[in-house]
Amino acid sequence: MNENNPQFTPENREEESIDIRALVMQYLIYWPWFLASVVICLGFAFVYLRFQTPVYQTHASVLIKEQDSRSGGVATGTEALSALQSLGGFSMTSKFDNEVEILKSRTLIKKVVTDLGLYIQTREARTFGAPTPLYKEMPVKVYLTPEEAEKLEGSVKLELLSQPDGSMELKGKYWKDQKEAELTARFDSLPAVLPTPVGVFSFTKGYMEEDSLSSQEAIKLQALITSPTDMAKNYSQRLSVTPTSKTTTIAQLTLDETQRERAVDFINCLVAYYNRDANDEKNEVAHKTASFIEDRIAIINAELGAAENRLATFKQQAGLTDLSSDAQLALQESSRYEQQRVENATQIQLVEFLKSYIQQPENAGEVIPANVGLSDANLGSIIEQYNTLIIERKRLLLTSSENNPAVINLNTGIEAMRRSVNTSVESALRGLYIAKADIDKQTSKFEARINKAPAQEKEFLTISRQQEIKAALYIMLLQKREENAITLASTATNGRIIEEAMSANAPIAPKKPIIALAALILGLGFPVGCIFLKDLMKYKIENHEDIRKLTTVNILADLPRSTSIPKQGAIVVHENQNDMMEECFRNLRTNLLFLLDKGQKVVLFSSSHPGEGKSFVAGNTAASLAFLGKKVLIIGLDIRKPGLNKVFNLSKRAEGITNFLSDPEHTDLYQLIQKSDVHPNLDILPGGPVPPNPTELIAREHLDHAMEELKQRYDYIILDTAPIAMVPDTMIASRVADACIYICRADVTPKRQFEYINILQKEHRFSKLATVLNDIDMSKRKHSYGYGYGKKYGYGYGYGYGK
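**Topic: the overall build of the protein chain**
Here is step 1 of the chain: Helix and strand content of the protein chain: 26 helices and 21 strands.
Here is step 2 of the chain: Put simply, the protein chain has 803 residues, and 46% of those count as buried.
Here is step 3 of the chain: Once local pairs closer than 6 in sequence are excluded, the contacts in the protein chain between residues at least 24 apart make up 78%.
Here is step 4 of the chain: Carbon and sulfur atoms make up 52% of the accessible area of the protein chain, which amounts to about 41,100 Å² in all.

See the structure below:
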C-alpha cells in the first residue's frame, strides 16, 4: 500500500492517470440507457427523413462572351471605359462579374417564374411522409394570372381532394387586408372557376400516368400560390452562379430544387431570357439610329423633290441648253469650291441636327445617333464613348438602384462626358463655320466672273447647287440606313450553353448518412452527457475512486452492504465462515495489521459526522481480530451518544468508561469490562452514562493511566470515538491512540466534510492515518463493477448528534 503523504493538500494534489477501463465500465453499466437513447434518436431521424422532401442539384455551364458588340455600328467602348477609369472618373468591376449578377437578378428570374408558372407549386400529400412535388404531370392544374398573383398579400394555401368520379373538394386560406380568411368549395366536374377576393382561380384536369388515372382512390393535393416577386427571391437564394476558374468566362449555374424536371426547365429558360434581354440592349443604339435616319430621310426627300421641281421649271422657262465657253473655265474653278461648300453645308446641317437632338430634354438619358456620316473623327469617338456609358448605366440599373455607388459614379462620368460632347459639337460647329467663311471667300472670286454670264445662267447654277446638296445628303442617309440594318441582323447571343442543364440522380438533402450518424452520435452522447452531469453534480462519496480523488490517505478496505444483519446487535462476522462480510473484514484486519508498527496496539475509529457506521466497523473489526486469537478490548469513547450498546446488544444503563473517569479512586476499571457473546477473546468497555462534561473527562490523565494498564492485558484496544469533525472529544483522545481509522459511508458522507481527513494528515494529528469506505450498495448500477462481491449488506440502527 502507498505511504501517507504528510505534505498533501487539496491544492497540490498530483493528478492521477485516467483509468480507461474504469471509465469505460462506468458508462458501460448504463448500457440500457445507451440502447434506448440510440433507438429513440434513430427513430426520430427516420421520422425526420420521412417527412423531408428530397432536394436535387441541377448544373449547367454557360460561356459569357466578353466582347461588347451591342452598340451596332458604334465601335467597341472598352477603350472609352478604360480611359475614363484612368482619369479617376469612376470604377467598375469586370464585365463578367456584371453578367453573373444579371443572371442572378430578381428581374430576370421573375420573367422565368412568370413564364413557367413557378409561382404556383403543387404537391401530392402522403399519409406518412413528405408531400411529393408535382410539375407537369398532375391530376388537377391550378391557375391564377400573374397580375393577380403579384397583388397577393400573402401565400394562398389550397388543399384539393380529387375524387375518382371527377368531382373535387377544396379548402383554402388566404390573406386579405392583413387578415387570414378561409374558403371552401366543391365542384362536380372540371374545369371549374372559383372567384375569390384575391383573384379568380381556375381548375382544369391535368395529365397523369395511366396507373394514377386508373386509381380508384381519392388524391389529396396541396397547392401553394405566392407572388412572382417572392418566388423570384426564393429562386435567387437557391441559385448559384460561379466562374469555373479565374482564367475563363464560363459560369456554372447550380440550382437546388425538389423537382428535377422543373429545375432543368428553369435554367434553360433563364439562359434564353438572358440572351434575349442582352440582344435587346445591344440593339438599342441601332434602333435609335434607325429612327433618326428615317426622320431625316423624310425631310431631305421633301426638300430634294422641291429643288428638282424648281430646277426643271427654271430650265423650261429659260430655255437653257449649254454654257458659253468663256464662262466654262470660271465655272470649273467655281465648281470645285462649290463642291467644298456643299460638303461643308452638309456637315453643318448634321452637326446642327445633333446639337438640336442633344439639347432636347427627353433625350437626356438616351444614346446619341452616332453613325450619321460625320467627318469629324474626334466628335464621333466622343459620341461613341458617351453611348457606351449610357448602355452600361442601364445594365447596372437592372440589378441595382439609383443609390448604388457604382451607378452614382457612372452618372458623374456620364454628366462629364455629356458636357464634353456639347463642347465638341460647339467646337466642330465653329470649325465648320470658319471653313465656310474661307470657302465663301474663294467662291466670291469666281462669282465676279460668273456675274458676267447671263442672269439666267447664274440662277440656274444656284438652283442646281441646292439640288446637288440635297441629293448628296439623301444618298448618304440611304447608305447609313442599310449599314444600320446589317448591324441589327448580325446581332449574336451573349451567352452560349456549354453543358446542358442536368439534375443529379441522388438528392443532396437531406443527407441520410450524416443524419443517421448524427442521430447515432446524439443517441450515444445524450446518455454520456446525462451521466457526466449526474457525476458532476453529486456531492457525496459513492465509491473508491471518489476517495482517491479527495485524499492520498490509505484506503484499508471497501465494505459492501449486508442483508444478514442479526435481529439483535450488528456483528455480521462469524468465526470459521467465508461469507462476503467475513472476507471483507479479514481484508480490513490484514491491512490494519500491516499499518500498525510493532508495539502499537490502540486503534481509534472516527468519522466526519454521525450515521457513517464507525461503531459498526469498529465492533466487527474487533471481532475479526478476536477470531485471529488476539485479546481484544473495544472501548466506547463516544460518551456523548454511545453506539457500542447497539452493536453488541448491551443495556443502555450499563456502566462504562465514564464511571471510571468520573471517580477513578472508588471505581474498579476491570469490573466495568464485559465479556462479549461474540468470542471469548473479545471484551467490551461501554461508554457508560452520558456525563455533563464529556470533554473534561476525556482530557483527564486518568484516561492515560487506564490505557497503560489495559495495554498490559490486551493485544489490541479499539476506541469507538465521537465524530472527529463535530466535537473535540476525539482530538483530545487521540493522544492515547497509535492509529486512526477514518470511516466514510457511501452515498452518505459529503465530500466537503470528508476532506477534513486532509487536515488531520497535514497537521500530523495521528502517527498512522487510514480510511475505510463503508456501506457500498451493490444493488446500484454505479457499484456493480470493480468489486468482486456478490452479496449485499446493511444495518438498520441509527446514529445522530444535535447541532
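Okay, back to it.
**Brief notes about the packing of aromatic side chains**
Here is step 1 of the chain: This structure, assessed with the given rule, holds eight aromatic pairs.
Here is step 2 of the chain: Here the aromatic rings of Phe 585 and Phe 616 are separated by 6.1 Å at their centres, their planes lie at 70°, and the arrangement is edge-to-face. Here the residue Phe 585 occupies a position in helix H17 (residues 580-595), and Phe 616 occupies one in helix H18 (residues 614-627), the gap between them amounting to 31 residues.
Here is step 3 of the chain: In this structure an aromatic cluster arises from ring pairing among Phe 46, Phe 51 and Phe 128.
Here is step 4 of the chain: Lying across the ring of Tyr 670, Arg 713 places its NZ or CZ 3.7 Å from the centre.

**Thoughts on helix H23 (residues 702-713)**
Here is step 1 of the chain: With twelve residues, H23 extends 17 Å between its outermost C-alpha atoms, agreeing within 8% with the 16 Å of an ideal straight helix rising 1.5 Å per residue.
Here is step 2 of the chain: Of all the positions in H23, only Leu 703, Ala 706, Met 707, Leu 710 and Lys 711 are classed as buried. End-on, the buried residues of H23 take up no more than an arc of 140°, which puts them together on one face.
Here is step 3 of the chain: Elements that come into contact with the buried residues of H23 comprise strand S15 (602-607), strand S16 (632-636), helix H20 (657-662), helix H21 (669-672), helix H22 (694-699) and strand S19 (716-720).

**Describing the pattern of salt bridges**
Here is step 1 of the chain: The tally for this structure, following the rule as stated, stands at 27 salt bridges.
Here is step 2 of the chain: A salt bridge links Asp 277 to Lys 111; its shortest N-O distance comes to 2.9 Å. With Asp 277 in helix H9 (residues 260-282) and Lys 111 in helix H5 (residues 106-116), this pair connects stretches of sequence that are 166 residues apart.
Here is step 3 of the chain: A salt bridge links Asp 720 to Lys 614, with the shortest nitrogen-to-oxygen separation between them at 3.3 Å. Of this pair, Asp 720 sits in strand S19 while Lys 614 sits in helix H18, and the two are 106 residues apart along the sequence.
Here is step 4 of the chain: By sharing partners, the salt bridges in this structure join Arg 561, Arg 745, Asp 775 and Asp 777 into a single network.

**A word on the packing of H5 against helix H8 (residues 228-238)**
Each pair of packed helices can be described by the angle between their axes along with the distance between the axes.
Here is step 1 of the chain: Between H5 and H8, the shortest axis-to-axis distance is 8 Å and the interhelical angle comes to 115°. As far as their axial angle goes, H8 and H5 are roughly perpendicular. In this structure, the crossing between H5 and H8 has a hand that is right-handed. Across the interface between the two elements, Arg 106, Ile 109, Lys 110, Val 113 and Thr 114 of H5 pack against Pro 228, Thr 229, Met 231, Ala 232, Lys 233, Tyr 235 and Ser 236 of H8.

**Some points on unusual backbone geometry**
Here is step 1 of the chain: In the segment running from Leu 190 into Pro 191, the intervening peptide bond is cis, with an omega of 10°.
Here is step 2 of the chain: Assignment of secondary structure puts Pro 191 in the loop between strand S7 (179-187) and strand S8 (192-196).
Here is step 3 of the chain: Pro 510 follows Ala 509 through a cis peptide bond whose omega is -5°.
Here is step 4 of the chain: One can find Pro 510 in the loop between strand S13 (495-503) and helix H15 (512-537).
Here is step 5 of the chain: Its identity is not glycine, yet Gln 178 carries a phi of approximately 60°, on the positive side.

**Description of the nonpolar core**
Here is step 1 of the chain: Leu 158, Phe 201, Phe 203, Ile 225 and Phe 266 are the most contacted members of the largest nonpolar core, which totals 59 residues.
Here is step 2 of the chain: At nine residues, H9 tops the list of elements feeding residues into this core.
Here is step 3 of the chain: In this structure Phe 203 touches Val 140, Lys 141, Val 142, Leu 158, Leu 160, Met 168, Leu 170, Phe 187, Leu 190, Pro 191, Ala 192 and Leu 194, once residues within four positions along its chain are discounted.
Here is step 4 of the chain: Within the second largest apolar cluster, 44 residues are counted, among which are Leu 633, Ile 657, Ala 706 and Leu 719.

**Observations concerning the sheet that holds S13**
Here is step 1 of the chain: Taken in spatial order, the four strands of this open sheet run S11-S12-S1-S13, and their pairing is antiparallel. Sheet topology places strand S11 (239-243) and S13 at the edges, where each strand pairs with a single neighbour. Along the sheet, successive strands turn relative to each other by an average axial angle of 20°, direction set aside.
Here is step 2 of the chain: By the bridge criterion, five bridges tie S11 to strand S12 (residues 250-257) in an arrangement that is antiparallel. Bridged to Thr 242 within S12 is Gln 252.
Here is step 3 of the chain: Along the sheet face, helix H4 (residues 95-103) touches strand S1 (56-64), S11 and S12 and points at about 165° away from the line of S11.
Here is step 4 of the chain: Contacts from H8 reach S11 and S12 within the one sheet, and its direction differs from that of S12 by about 120°.

Thresholds applied
- Residues numbered from 1 in each chain as written.
- Predicted model: local features only at pLDDT ≥ 70, side-chain atom pairs only at ≥ 80, totals over all residues.
- Heavy atoms only, no water.
- Helix = DSSP H or I, 4+ residues; strand = E, 2+ residues; numbered from the N terminus.
- Buried < 20%, exposed > 50% of the residue type's maximum accessible area, 1.4 Å probe, protein only.
- Contact = heavy atoms within 4.5 Å.
- Areas by Shrake-Rupley, 256 points an atom, 1.4 Å probe, with all protein chains shown as cover.
- Phe/Tyr/Trp six-rings, centres within 6.5 Å; stacked < 30°, edge-to-face > 60°.
- Lys NZ or Arg CZ within 6 Å of the ring centre and 35° of its normal.
- Expected span 1.5 Å × (residues − 1).
- Arc of directions from axis to C-beta.
- Salt bridge = Lys/Arg side-chain N within 4 Å of Asp/Glu carboxyl O.
- Axes fitted to C-alpha atoms, helices over the stretch in contact; angles between N-to-C directions.
- Parallel < 35°, antiparallel > 145°, perpendicular 65-115°, else oblique.
- Left-handed = near helix turned anticlockwise from the far one by under 90°.
- Core = buried A, V, L, I, M, F, W, Y, C linked by side-chain atoms within 4.5 Å.
- Pairing = 2+ DSSP bridges.

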